[in-house]
Amino acid sequence: MKKVTKATIAAVAAETGHLNLTNYSYINHLVTNGRVINCSFDDPNDQQAAGILAADYPGRQVVGVDARELFARGGGIHCLTQQLPAAAREQAAS
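What this report covers is the structure whose coordinates are included nearby. Since the model is a prediction, treat every value here as computed from it, not as a measurement.

Some words on the overall build of the chain
Of the regular secondary structure elements, the chain holds 4 helices and 3 strands. Starting at the N terminus and walking to the C terminus, you meet the elements of the chain as β-β-α-β-α-α-α. The burial tally for the chain puts 24% of its 94 residues in the buried class. In the chain, the proportion of contacts linking residues at least 24 apart, taken out of those at least 6 apart, comes to 65%. Summing over all exposed atoms, the chain offers an accessible surface of approximately 6,800 Å²; the carbon and sulfur share of this is 53%.

Considerations on helix H1 (residues 46–56)
Looking at H1, one finds that the buried residues are Asp46, Ala49, Ala50, Ile52 and Leu53. Here the buried residues of H1 occupy an arc of 160° about the axis, which is enough to place them on one side. Away from its buried face, by an angle of more than 90 degrees, H1 presents the exposed residues Gln47 and Ala55. Residues of H1 that are buried in the fold lie against strand E2 (35–40) and strand E3 (61–66).

Side note on the sheet that holds E2
If you walk across this open sheet you meet the 3 strands as E1-E2-E3, and the pairing is mixed. The sheet is open, and its two borders are formed by strand E1 (30–32) and E3, each paired with just one other strand. The sheet shows a mean angle of 25° between the axes of neighbouring strands, taken without regard to direction.

What about the pairing of E2?
Among the 6 residues of E2, 5 are classified as buried, and the element is accordingly described as predominantly covered. Linking E1 to E2, which pair antiparallel, is a turn of 2 residues; within it Gly34 sits at a positive phi near 85°. Looking at chain direction, E2 and E3 are connected through 6 bridges and run parallel. Within E3, the residue paired with Arg35 across the bridge is Gln61. For the crossover from E2 across H1 to E3, the handedness is right-handed.

Analysis parameters
Residues numbered from 1 in each chain as written. Predicted model: local features only at pLDDT ≥ 70, side-chain atom pairs only at ≥ 80, totals over all residues. Heavy atoms only, no water. Helix = DSSP H or I, 4+ residues; strand = E, 2+ residues; numbered from the N terminus. Buried < 20%, exposed > 50% of the residue type's maximum accessible area, 1.4 Å probe, protein only. Contact = heavy atoms within 4.5 Å. Areas by Shrake-Rupley, 256 points an atom, 1.4 Å probe, with all protein chains shown as cover. Arc of directions from axis to C-beta. Pairing = 2+ DSSP bridges. Axes fitted to C-alpha atoms, helices over the stretch in contact; angles between N-to-C directions. Right-handed = clockwise from strand over helix to strand, strands pointing away.

Coordinates in, geometry out; function isn't part of it.
Structure, rendered in structure tokens:
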């Protein structure tokens, strides 16, 4: 059985989006073989978030990617790397 744990993660300090709401998230990350690709925002809390992810994923290198433009267009690292179901691919191709 898989273990579910509660994540404690830093919040982006100053960036706000549409309607002055914070829309950036450090929790939106991608786990790969040997690495964790995490969102960064040129924010004072970027290093703290990377440290938390490193502790949660021992043995993996945490690599930060500036995700401000990704979030401006609707998602973060994890959102943009999701698979497209076969039925949707077939429909898009026709």
